[in-house]
Amino acid sequence: MLTAKLVDSIWATRKADSLNGFKFMQAEVIGGSTTGQRLVVVDTIGAGIGDKVIVCTGSAARKLLGNDEIPVDAAVVGIIDEDCNV
Amino acid sequence: MLTAKLVDSIWATRKADSLNGFKFMQAEVIGGSTTGQRLVVVDTIGAGIGDKVIVCTGSAARKLLGNDEIPVDAAVVGIIDEDCNV
Amino acid sequence: MLTAKLVDSIWATRKADSLNGFKFMQAEVIGGSTTGQRLVVVDTIGAGIGDKVIVCTGSAARKLLGNDEIPVDAAVVGIIDEDCNV
Amino acid sequence: MLTAKLVDSIWATRKADSLNGFKFMQAEVIGGSTTGQRLVVVDTIGAGIGDKVIVCTGSAARKLLGNDEIPVDAAVVGIIDEDCNV
Amino acid sequence: MLTAKLVDSIWATRKADSLNGFKFMQAEVIGGSTTGQRLVVVDTIGAGIGDKVIVCTGSAARKLLGNDEIPVDAAVVGIIDEDCNV
């Protein structure tokens, strides 16, 4: 998994039907030499802009959604505690 | 997922039979430290050159196609709204 | 797999239900040109901060857990022996 | 997928039994910021040294082979048309 | 797949039970712009330190082992012939 900061929402009115209703956000990797790398993540646990989160990628993202047919490859799996040194 | 701009079409007359009929495009990653990385994506939702899109990679791309037997590892899943800050 | 050093614990009180009870740690890649890259790993074999470990990524991480439904993409699979040249 | 140029053949007399009969080639990524990255690909569609090709990676490569048990993670899926701007 | 040189053995006395009996080695990518990147690979075909090998990564590594439950994501699939230009 990666540590990332949610930096913005992202909107795509035209998208795959199976993605309707999902919330997409831009995340920026924090920590280590890949800091500053960006990816688009799905959030289902109520994270918001500015939160530091743990992101899983690849097929793991669909495990979070509990549906292996959704075309998603990155999802927020946890919100990092504020007193955590990340 | 990644944010990318569609920069060109790409044509391969000789290709795997299972890819016949699919539209391939060159996409260039935008945003973050991987800006400028290129990949070839399949588009099934009507995106065109110049559009900013969300691209999913890996097995997720086949979920979009609804057919796990197609040898594809990247696909456009959404067209980013024009007023979106990407 | 990657060689990495466990550098810290990481806490996420709000997280996916299926992740309750798992221990998450921050790992930093050691050795080779990706030294300094960071990732979040699950540990189930009793590794601690400062240990050098072997980390598997992707779907392999769920093989370690013996449960393919957990949204995890990186896990400690071994603790590197102290007399090993890594 | 990636755009790459086939730069050489590669021979491995000692290899996994399941790989007997496959043609392996060295490919070099062209286009974008990962230009110059190398990978080894399987070719089953008759590509040759000097050809510019589309390469799929990961589990998609086994979809091309039509056999999910072959230990392969990259394959040529198409030969880019010569008049194509890549 | 990647071309890599096996540079050392790696030992982990404490490891996942399912990894007992496997030989782990450190490999360093050779060729192209990712030269010098390191990864840990499983060898089952008798490769040794100093050999140049072809490494498959991801789920393909488990195809080599013929057991999809082993938590492994990289394996030697072939030893590159000595007269091969790599």
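Parameters at a glance
- Residues numbered from 1 in each chain as written.
- Chains lettered and ligands numbered in written order.
- Predicted model: local features only at pLDDT ≥ 70, side-chain atom pairs only at ≥ 80, totals over all residues.
- Heavy atoms only, no water.
- Helix = DSSP H or I, 4+ residues; strand = E, 2+ residues; numbered from the N terminus.
- Rg over C-alpha atoms; globule rule 2.2 N^0.38 Å.
- Buried < 20%, exposed > 50% of the residue type's maximum accessible area, 1.4 Å probe, protein only.
- Contact = heavy atoms within 4.5 Å.
- Areas by Shrake-Rupley, 256 points an atom, 1.4 Å probe, with all protein chains shown as cover.
- Lys, Arg positive; Asp, Glu negative; His and termini not counted.
- Charge placed at Lys NZ, Arg CZ, Asp CG, Glu CD.
- Least-squares fit on C-alpha atoms with pLDDT ≥ 70 in both.
- Polar contact = N/O pair within 3.5 Å; in protein donor to acceptor, adjacent residues only side chain to side chain.
- Buried area = accessible area lost by both parts, 1.4 Å probe.
- Salt bridge = Lys/Arg side-chain N within 4 Å of Asp/Glu carboxyl O.
- Pairing = 2+ DSSP bridges.
- Nonpolar A, V, L, I, M, F, W, Y, C, P; charged D, E, K, R; others polar.
- Disulfide = S-S within 2.5 Å.

S.K.: Explain the overall build of chain A here, please?
M.R.: Across its full length, chain A carries 1 helix and 6 strands. Counted from the first residue to the last, chain A has its helices and strands arranged as β-β-β-β-β-α-β. Computed over the C-alpha atoms, the radius of gyration of chain A is 13 Å, within 12% of the 12 Å expected from 2.2 N^0.38 for a compact globule of 86 residues. Dimensions along the principal axes, computed over C-alpha positions, put chain A at roughly 40 × 25 × 25 Å. Burial analysis of chain A (86 residues in total) assigns 52% to the buried set. Summarising the internal contacts of chain A: among those between residues at least 6 apart in sequence, 49% fall at separations of at least 24. Accessible surface for chain A amounts to roughly 3400 Å². Of this, 45% is attributable to carbon and sulfur atoms. For chain A, the separation between the mean place of its 8 positive charges and that of its 11 negative charges on side chains is 5 Å.

S.K.: Looking at this structure, how should I read the relation of the copies chain A and chain C?
M.R.: Mapping between the two chain copies consists of a rotation about an axis together with a translation along that axis. Placing chain A over chain C gives an RMSD of 0.0 Å and needs a rotation angle of 72 degrees, together with 0.0 Å of translation along the axis. The transformation just described matches what one would write down for a five-fold rotation axis.

S.K.: Whenever I open this one, the relation of the copies chain D and chain B confuses me. Can you help?
M.R.: Least-squares fitting of chain D to chain B yields an RMSD of 0.0 Å, with the transformation described by 0.0 Å of translation along the axis and a rotation of 72 degrees. Little of the interface of chain D is mirrored in chain B: 8% of its interface residues are interface residues there too.

S.K.: Looking at this model, I keep getting lost on the side chain of A:Arg62. Mind explaining?
M.R.: Relative to the helices and strands, A:Arg62 is located in helix α1 (residues 60–65). Accessibility expressed as a relative area gives 3% for A:Arg62, which makes it buried. Among the polar contacts listed, one links the side chain of A:Arg62 to the side chain of B:Ser59, at a separation of 2.7 Å. When sequence neighbours within four positions are dropped, the list of residues in contact with A:Arg62 reads A:Asn67, A:Asp68, A:Ile70, A:Val72, B:Ser59, B:Ala60 and B:Lys63.

S.K.: Would you mind showing me how to read the interface of chain D and chain B here?
M.R.: Much of the literature gives interface size as the accessible area that the parts lose upon coming together. Opposite the 26 residues of chain D that make contact, chain B presents 30 residues. Here chain D meets chain B over a buried area of about 2000 Å², counting both sides, of which 55% is carbon and sulfur. Three residues stand out in chain D for area buried against chain B, namely D:Met1, D:Lys63 and D:Asp81, and they jointly supply 34% of the buried area on that side. Our enumeration of links across chain D and chain B arrives at 1 salt bridge. For D:Lys63, the salt bridge is made with B:Asp68, and the minimal N-O distance between the two is 3.1 Å.

S.K.: Help me out: how do you make sense of the arrangement of the chains in this one?
M.R.: There is no contact between chain C and chain D; across them, the least C-alpha separation is 11 Å. Left apart from each other, chain B and chain E have a closest C-alpha approach of 11 Å.

S.K.: How should I be thinking about the pairing of strand β6 (residues 74–79) of chain D in this particular structure?
M.R.: Side-chain direction in a regular strand flips from residue to residue, so the side chains alternate between the two faces of the sheet. Extensive coverage of β6(D) is indicated by the burial of 6 of its 6 residues. Sheet topology places strand β2 (residues 14–15) of chain B next to β6(D); 2 bridges connect them, and they run antiparallel. By the bridge assignment for β6(D), B:Arg14 is matched with D:Ile79. In this sheet, β6(D) lies alongside strand β5 (residues 52–57) of chain D in antiparallel orientation, the contact comprising 5 bridges. Of the residues in β6(D), the one forming a bridge with D:Cys56 is D:Ala75.

S.K.: Can you help me understand the side chain of D:Thr3 in this one?
M.R.: One can find D:Thr3 in strand β1 (residues 2–9). The class for D:Thr3 is buried, based on a relative accessible area of 7%. Polar contacts involving the side chain of D:Thr3 include one to the main-chain carbonyl oxygen of D:Ile30, which spans 2.7 Å. With residues near it in sequence (within four places) discarded, D:Thr3 still touches B:Ile10, B:Val40, D:Glu28, D:Val29, D:Ile30, D:Val53, D:Ile80 and D:Val86.

S.K.: Could you clarify how one ought to interpret the interface of chain A and chain C in this entry?
M.R.: Counting residues at the interface gives 26 residues for chain A and 30 residues for chain C. Regarding the contact of chain A and chain C, the summed buried area is about 2000 Å², with carbon and sulfur atoms giving 54% of it. Contact with chain C buries surface across chain A, with A:Met1, A:Lys63 and A:Asp81 losing the most and accounting together for 33% of the total. Put simply, chain A and chain C have 1 salt bridge between them. Our count for the chain A to chain C interface comes out at 14 residue pairs in polar contact (both at pLDDT 80 or more). At the level of elements, β1 (2–9), β5 (52–57), α1 and β6 (74–79) of chain A are the ones that each hand at least two residues to the side of chain A that touches chain C. Partitioned by chemical class, the residues of the side of chain A that touches chain C number 14 nonpolar, 10 polar and 2 charged.

S.K.: Could you clarify how one ought to interpret the state of the cysteines in this entry?
M.R.: One covalent bond between the sulfur atoms of two cysteine residues makes up a disulfide. Scanning all chains against the criterion turns up 0 disulfides over all chains. For C:Cys84, which is in no disulfide, the shortest distance to another cysteine sulfur is to C:Cys56 and amounts to 18 Å. When its relative accessible area of 12% is taken as the criterion, C:Cys84 is described as buried. In this structure D:Cys56 is not part of a disulfide, and its nearest cysteine sulfur, from E:Cys56, lies 14 Å away. Judged by its relative accessible area of 0%, D:Cys56 falls in the buried class.

S.K.: Explain the pattern of salt bridges here, please?
M.R.: Side chains that carry opposite charge are capable of pairing whenever their charged atoms lie near each other. Taken as a whole and judged by the stated rule, the model has 20 salt bridges over all chains. Among the charged side chains, a network of salt bridges with common partners joins A:Arg62, A:Asp68 and B:Lys63.

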